[in-house]
Each structure stands twice: as C-alpha cells, then as structure tokens.
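Fold and contact review
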Amino acid sequence: LAAEAGLYSSADQVVLLTPDTVASVLRNNSAALLVEFYASWCGHCVAFSPVWKALARDTREWKPAVDLVAIDCAFEENSRVCRDFGIAGYPSLKVNLSVVSASMSAGFPRDVLGLRHLIIRKIEEHHDSWPPACPPLEAASKAEIDSTVQTNSMEYLALVFETEDSYVGREVTLDLLQFSNITVRRVLKSERELVSELEVTDFPSCYLRRRDSNFTRLHVLNEARTFYSYALQRLPGVVRSGKSKPVTSDLLQNGTQVQWRPFDRSGVYMSDLESALHYSLRVEVAARSVIAGPALDALRSYISVLAKNFPGRPMVKRKLQSLDAWMKSWEEGELPYSSLRAALDQSNQTAALPRGVRWVGCQGSRPHFRGYPCSVWTLFHLLTVQALETGSSGPLEVLWTMRRYMHNFFGCRYCATHFEQMAEENMDSVTMLSEAVIWLWARHNQVNNRLAGDLSEDPHFPKIQWPPPDQCRECHGVKGGGEHAWNQAQVLAFLRSHYSAQHLNMTYLE
Ligand code: FAD
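Note that this is a predicted model, so its numbers are computed, not measured. (Residues numbered from 1 in each chain as written. Predicted model: local features only at pLDDT ≥ 70, side-chain atom pairs only at ≥ 80, totals over all residues. Heavy atoms only, no water.)

Our next topic: the overall build of the protein chain. Check the secondary structure of the protein chain and you find 18 helices and 17 strands. Over its C-alpha trace the protein chain gives a radius of gyration of 26 Å, about what one expects of a compact globule, namely 24 Å for 510 residues. Taking all 510 residues of the protein chain together, 54% fall into the buried category. Summarising the internal contacts of the protein chain: among those between residues at least 6 apart in sequence, 73% fall at separations of at least 24. Between the mean site of the 52 positive side-chain charges and the mean site of the 56 negative ones, the protein chain shows a separation of 4 Å. (Helix = DSSP H or I, 4+ residues; strand = E, 2+ residues; numbered from the N terminus. Rg over C-alpha atoms; globule rule 2.2 N^0.38 Å. Buried < 20%, exposed > 50% of the residue type's maximum accessible area, 1.4 Å probe, protein only. Contact = heavy atoms within 4.5 Å. Lys, Arg positive; Asp, Glu negative; His and termini not counted. Charge placed at Lys NZ, Arg CZ, Asp CG, Glu CD.)

Contact geometry for helix 14 (residues 372–390) and helix 15 (residues 397–408): axes closest at 9 Å, N-to-C directions at 155 degrees. Classified by the angle between their axes, helix 14 and helix 15 sit roughly antiparallel to one another. Here Tyr 372, Val 376, Trp 377, Phe 380, Leu 383, Thr 384 and Ala 387 of helix 14 come into contact with helix 15, specifically with Val 398, Leu 399, Thr 401, Met 402, Tyr 405 and Met 406. In terms of residue class, the contact of helix 14 with helix 15 is made up of eleven nonpolar, two polar and no charged. (Axes fitted to C-alpha atoms, helices over the stretch in contact; angles between N-to-C directions. Parallel < 35°, antiparallel > 145°, perpendicular 65-115°, else oblique. Nonpolar A, V, L, I, M, F, W, Y, C, P; charged D, E, K, R; others polar.)

Counted according to the given criterion, the structure contains four disulfides. Here Cys 73 connects covalently by a disulfide to Cys 82, the sulfurs 2.1 Å from one another. Every disulfide takes its handedness from the sign of the S-S torsion; for Cys 73 and Cys 82 that torsion is -90 degrees, giving left-handed. Cys 82 gets classed as buried once you look at its relative accessible area, which sits at 3%. Two residues, Cys 472 and Cys 475, share a disulfide whose sulfurs are 2.1 Å apart. Disulfide Cys 472-Cys 475: the torsion about the S-S bond is 85 degrees, which places it as right-handed. (Disulfide = S-S within 2.5 Å.)

The topology assignment puts Asp 272 in helix 10 (residues 270–284). Of the side chains bearing the opposite charge, Arg 261 lies closest to the buried Asp 272, which forms no salt bridge; the N-O distance is 7.2 Å. Within the local environment of Asp 272, its side chain forms a polar contact with the backbone nitrogen of Gly 361, the two atoms lying 2.8 Å apart. What Asp 272 contacts, discounting residues up to four positions off in sequence, is Arg 358, Trp 359, Val 360, Gly 361, Cys 362 and Ser 375. (Salt bridge = Lys/Arg side-chain N within 4 Å of Asp/Glu carboxyl O. Polar contact = N/O pair within 3.5 Å; in protein donor to acceptor, adjacent residues only side chain to side chain.)

With that settled, the discussion passes to the packing of aromatic side chains. Tallying each qualifying case throughout the model produces 20 aromatic pairs. Centre to centre, the rings of Phe 48 and Phe 108 are 5.7 Å apart; their planes meet at 65 degrees, and the pair counts as edge-to-face. Taken as a pair, Phe 48 in helix 2 (residues 43–58) and Phe 108 in the loop between strand 5 (98–101) and helix 4 (112–125) lie far apart in primary sequence, 60 residues in all. Like Phe 48, the residue Phe 108 is buried in the burial classification. Relative to Phe 410, the ring of Tyr 372 lies with its centre 6.0 Å away and its plane at 35 degrees, an arrangement referred to as tilted. (Phe/Tyr/Trp six-rings, centres within 6.5 Å; stacked < 30°, edge-to-face > 60°.)

Inspection of the region around the ligand gives 24 residues, with Arg 370, Trp 377, Trp 441, His 444 and Tyr 499 positioned closest. The fraction of the free accessible surface of the ligand (940 Å²) that becomes covered by protein chains is 90%. Breaking the shell around the ligand down by element, the ones donating at least two residues are helix 14, helix 15, helix 16 (413–426) and helix 17 (433–451). Per element, the largest residue contribution to the shell around the ligand is seven residues, and it comes from helix 17. (Near = heavy atom within 4 Å. Areas by Shrake-Rupley, 256 points an atom, 1.4 Å probe, with all protein chains shown as cover.)

Right, here's the structure in full:
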C-alpha cells in the first residue's frame, strides 16, 4: 500500500520496491536494472516522475532485459533500503546498482531519449553481467550476416544500417526482443562491402530478408525507430513470444461460437454501439437492484449525454430521449432497476433500443476477447467527438459522465480503478471540447501501451498506439533525435472524421 501511495503505481510499468521485495528485485534479477530512488515530497522528483513513467512506457518491450524500478525513500519503512544504497539526494539513479549520479541537479539525462541511450550504454559497459534475455547489440559484420543468411534459419532478418553514433539499430533490436521469428542487427555504414552489395544509400535505413529470398528495403513513413519497430512487429508470421500464431480468417471463424461477420478494420459500426447500449443498460446496470446516491447521478448523466449526443438511428435516438425525460421526472432518491428496465423496454415502432449484442468491429477471435470493453471505448470516443461537433455539452461533461459510469458500474473493477487514477491525474486540465477528444485518445493509448502483450490481448488485434501510420499518415512525425511525435492537430482532425456520424457503418443492424 505504501509503495502504491508514492509517485508511481502498478499501472506505470515501474517495479515498485519495498523492503520485502528488495532482495528478489535487486539481487536475484537477471535483467539490467535502472532504479530511481526518490522522495515523494521532493519537487524535483515530482517534476521528474512523468519522464520516468514515459520512459517505462517507451521501453516496455525491453522488459525481459531491462527493468525500471522505483523506491520512495520518504516512506519510513523504505528508508533503511535507501540508506543501505548510500542515497543522499533525490532523485538518484542507479544502473545495475552502480550509481549514475547521486546529485539532484546534474549527472543524468532528464529526458526519455537520453535515458534510453544511457540504458544501452550501461548494458554495453557491463558486458560481464549481460542480461540473458538481451540479444546482441553490437554491430554485425558482413561475415556474420553471410553466415546467418546461409543457415537460413530465421523467418526474417532485419538489418538497420546506420552511423556509429546512432542508437536506432540497438533500440529496434530491443523493441523486437519479445517477438519470435525475427532477428534484428545493426550494421555500420563503415561495413562498406555489405553497404555496396545491398546498395544502401541512406543512414539509417532498414533492409529486410525473408527466408529464401533477397534483402529488400523496408518502406516506412519516417526513417526512425518507432516506424521500423511498428512495421517489423506486424510482419506476417512475426508473433509475440508465447502468443498463439495469428491464424487465417477461416480459423477465426472456428474460434467463436457465433458466425464471423467480415468487417473493415477502419470502420466504426453502429451495431457495436447499439450492443454497448444494450449491454450497459440491460446487463451491467442491472447488477444493482436499486440505484441510489452517486450511482443514480452517474446513470442520469449517462442517459442525458446519450440523449444529447448519440448519433443513432431515429428509433434509438427517440428511445434515449424519452428515457432521459423519464429519468428527469423520477424524483425519488432510489430507483429500482426493475422500474428503469420497464421504462427502457417500453417500446413501439418509433422508439426502441434493440436487444442483444452483435459485435462487428469489436468481434474477438475468441469469445473472451474484445466485445463489450471495445464498444465502451468506441462509444465514449464517439460521444466526445459528437459533443465537439454539436457544442451541446460543456468541455468536461462527456468525460465526467464516462468517469462516473466507470466508477459506479463498469464490471471490470481493475479497469475502473486505473481509469479513475488517470482521470484524477489530469482530466481537470481539459478546458475545451477539442481537448476532451484528445484527452480520451491519449488516455486510451496509455491503456493500449500498458496492455500490449497482456493475456487479455487478442493476438489478431494487437494493442497499438492508435491510429497507426496506415490509418493516418499525417498523424505521425518525428522530432529531434528521431523520436516519434504525434501531430495532435492531425490526430484531432482524424478523430473528428473517424468518429463522425457520417462515418458510422450501418451494416449488420437488425
Ligand atoms: P480497444 O482498446 O477496446 O479499442 C477499441 C477500438 O478503439 C479499437 O479497435 C480502435 O478502433 C479504437 N482505438 C484504439 N485506440 C484508440 C485511441 N487511443 N483513441 C481512439 N480510438 C482508439 N483492460 C485491462 O485488462 N486492464 C485495464 O486496466 C483496462 N482498463 C480499461 C479502461 C476502460 C475505460 C475501458 C473502456 C476498457 C479497459 N480495459 C482494460 C479493456 C481494454 O482497454 C480493451 O477495451 C479490451 O482489451 C479490448 O481491446 P480491443 O483490442 O478490442 O481494443
């Protein structure tokens, strides 16, 4: 509990250190460790914590080889551990338990890029304690590449050609660490014979060879780490280690009990949205036999936001509006679910909410994948965009509605807790309707990052930083040092079009 109360939580992909875990985390760990010793009351540490969290997200794929750790030395119970490591000032970093700097003001980089490079340098310096899970990072020679090609053992071999001072090749190698059927090596510009054999002219650039074929250049939007890693992780046959191999759509059909509905991955389906409404109002809310207090307020605001902003079929819109009016006229402090249900189910040809779920864009390859949570995200993205288009809600109304719905009703309590933590962090900084759209997009990507590779991830629908370059080219760019950068203006434009009423796909509706 004490560890959770510091600047980081278990959702940050940072290992939280306590006296009980110090031995197992620090001494018996085969990964390279980067440990931040901080005090939660120290302003520098508070200011540094977003960088540490961003670094943890950024190097998430490096995990078997590199672990980010944090310990709050302000907790009395932790102070002994901090003392034993000779920590005098905060924040202090130790890499593989050798001090990088014990100084608060100088000594180690304060940005994600610099810290990432520091990790790589430290792994290379500590060659004698090379993390077993870490692949070779040194540049490959022509002889090595030739011999790998001759054995023809690897499905894919990717070569990142670069100058000596570039980190891209090593970063991409670590980004692919958790993926099978592919090997990544960096090759230096000075490896002239290989450079001229493949006619390499740009540094960096990436060349790919599939078993039994020749090297060809990998085409990406920008010659930068994120773009190479994204493209390589999604090659056919490249799978996250330990995950089942992606299968064809034939097998997909066999995996589910219901018939597979072919769909366009870039579409937003009304059938998913109506299914979300059915499930939330007829199943999830039904978990409470009586709704009262904050839960009743949350439900009122949910139905009111839907009545104002849901761009549904006329029949569904009318039903939501009549339900909203009915809710507003309910004056008692307690609402039995049976009464709500009667009002919801009272329907005619002009006003009704269809029953049952029919997932389309939210179909999973197995019954336990995707479905309802996918439709909840879709619904609330749509609502933030609709509120922006119609101007019918205040900047925070949809977000507060989602937050309260999650808190009071969402069946996945773990998800609700994490969402609440994110909302507490900075939801109040939203002051415009367009910022609400971007806030939800960014938080969803944060969740995607945390869940990538998780057991709950459908191998056919890997969690990615969304939208990917193939869906929105203009959304992606690079900043100094080749770091990936979102073009937020373009992202907003993309979201407004993707979640627009005109873009909704009306197939598969009853
Ligand atoms: P989803 O992540 O559900 O996304 C649905 C669709 O939204 C995608 O297909 C894509 O078209 C679009 N999309 C993806 N990213 C974005 C984006 N950044 N902006 C706009 N649109 C986007 N599961 C857990 O295991 N742990 C959790 O802590 C957790 N927290 C959750 C919190 C909330 C509020 C919700 C609604 C769900 C949460 N889930 C959590 C479930 C999880 O996020 C996914 O919904 C679920 O695993 C299904 O994933 P999916 O592949 O269908 O895609």
